[in-house]
Amino acid sequence: MIVNKSFMMVKTISYALNDIKYQVDCLEQLKQYKFNRILLPNFSYGVFENVLTIHMEYIKGQQITPNKKKSYTDIVYEDLVCSTNPISAKGYALENFIITGDKIYYIDLEDMAFCSIEDRKIKFEKDWVNRK
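Residues numbered from 1 in each chain as written. Predicted model: local features only at pLDDT ≥ 70, side-chain atom pairs only at ≥ 80, totals over all residues. Heavy atoms only, no water.

## Let's talk about the sheet that holds strand β3 (residues 43-48)
Piece 1. Pairing is antiparallel across the open sheet formed by three strands, whose spatial order is β1-β4-β3. The sheet is open, and its two borders are formed by β1 (8-14) and β3, each paired with just one other strand. Neighbour-to-neighbour, the strand axes of the sheet open up by a mean angle of 15°, direction not taken into account.
Piece 2. Each of β3 and β4 (51-57) touches helix α1 (residues 17-30); the most contacted strand, β3, lies at about 155° to it. (Pairing = 2+ DSSP bridges. Helix = DSSP H or I, 4+ residues; strand = E, 2+ residues; numbered from the N terminus. Axes fitted to C-alpha atoms, helices over the stretch in contact; angles between N-to-C directions. Contact = heavy atoms within 4.5 Å.)

## Some words on the pairing of strand β7 (residues 97-100)
Piece 1. Sheet topology note: the strand β5 (residues 62-63)/β7 ladder contains two bridges and is antiparallel. When the sheet's bridge partners are listed, glutamine 63 is paired in β7 with isoleucine 98.
Piece 2. Relative to strand β8 (residues 103-106), β7 runs antiparallel, the two being bridged by four bridges. Residue pairing in the sheet places isoleucine 99 in a bridge with isoleucine 104 of β8.
Piece 3. Between β7 and β8, which follow one another and run antiparallel, lie two residues, and glycine 101 among them has a positive phi close to 60°.

## With respect to the side chain of lysine 69
Piece 1. Mapped onto the elements, lysine 69 comes out in helix α2 (residues 69-81).
Piece 2. One buried charge, lysine 69, has no salt-bridge partner; the nearest side chain with opposite charge is glutamate 125, at 9.5 Å.
Piece 3. Setting aside residues up to four positions removed in sequence, lysine 69 forms contacts with Ile64, Leu94, Trp128, Val129 and Arg131. (Buried < 20%, exposed > 50% of the residue type's maximum accessible area, 1.4 Å probe, protein only. Lys, Arg positive; Asp, Glu negative; His and termini not counted. Salt bridge = Lys/Arg side-chain N within 4 Å of Asp/Glu carboxyl O.)

## Focus: the confidence of the model for the protein
Piece 1. Taken as a whole, the protein shows an average pLDDT of 93; of its residues, 99% reach a score of 70 or greater.
Piece 2. By mean pLDDT, α1 is the weakest element of the protein at 90, and strand β2 (residues 38-39) is the strongest at 98. (pLDDT = per-residue confidence, 0-100.)

## Side note on the nonpolar core
Piece 1. With 34 residues, the main nonpolar core has Leu30, Ile38, Leu80, Tyr92, Phe97, Met112 and Trp128 as its most contacted residues.
Piece 2. In this view, tyrosine 92 contacts Val76, Leu80, Val81, Phe97, Arg120, Lys123, Phe124, Asp127 and Trp128; residues no more than four positions away in its chain are not counted. (Core = buried A, V, L, I, M, F, W, Y, C linked by side-chain atoms within 4.5 Å.)

## Considering the pattern of salt bridges
Piece 1. Enumeration according to the criterion identifies six salt bridges in this entry.
Piece 2. Notably, a salt bridge pairs aspartate 127 with lysine 123, separated by 3.3 Å at the nearest N-O pair. One end of the pair, aspartate 127, and the other, lysine 123, are both in helix α3 (residues 117-129), four residues apart, so they sit about a helical turn from each other.
Piece 3. Taken together, the shared-partner salt bridges in this structure form one network comprising Lys11, Asp108 and Glu110.

## Focus: α2
Piece 1. In this model, α2 (13 residues) spans only 15 Å end to end at C-alpha, well below the 18 Å of a helix rising 1.5 Å per residue.
Piece 2. Approximately 30° is the largest bend angle found in α2, and it occurs at isoleucine 75.
Piece 3. Among the residues making up α2, those that are buried are Lys69, Tyr72, Ile75, Val76, Asp79, Leu80 and Val81.
Piece 4. Residues of α2 that are buried make contact with β2, β6 (87-89), β7, β8, β9 (112-114) and α3. (Expected span 1.5 Å × (residues − 1). Bend = angle between axes of the 7 residues up to and from the residue.)

Right, here's the structure in full:
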């Protein structure tokens, strides 16, 4: 009898040395924050020289489609764009969101970074609101 089953994704990214330090700091800080109704997959990471490897829980579900984005606009805006956390999403492409049951996941972890609310609003307008 299977008691638990999980899938993992492994993402490997090569950076310039200064950039990898910033990304690792963002990931480390990200572990401390919650985004209300927007969930993040469980993850861990490792660094070897200039290579960052993220081991992330695979979230099985469906991406938000242009036809369904209106149903999620307020949640994304309130919980990610206007989050008081210093780290939040910098990009709001529909593909970054997975819906599974009644849960919403943001899956582009390396796109979570230090960003002002004003900058997030500009990016949200471009990526979410003005996307056809």
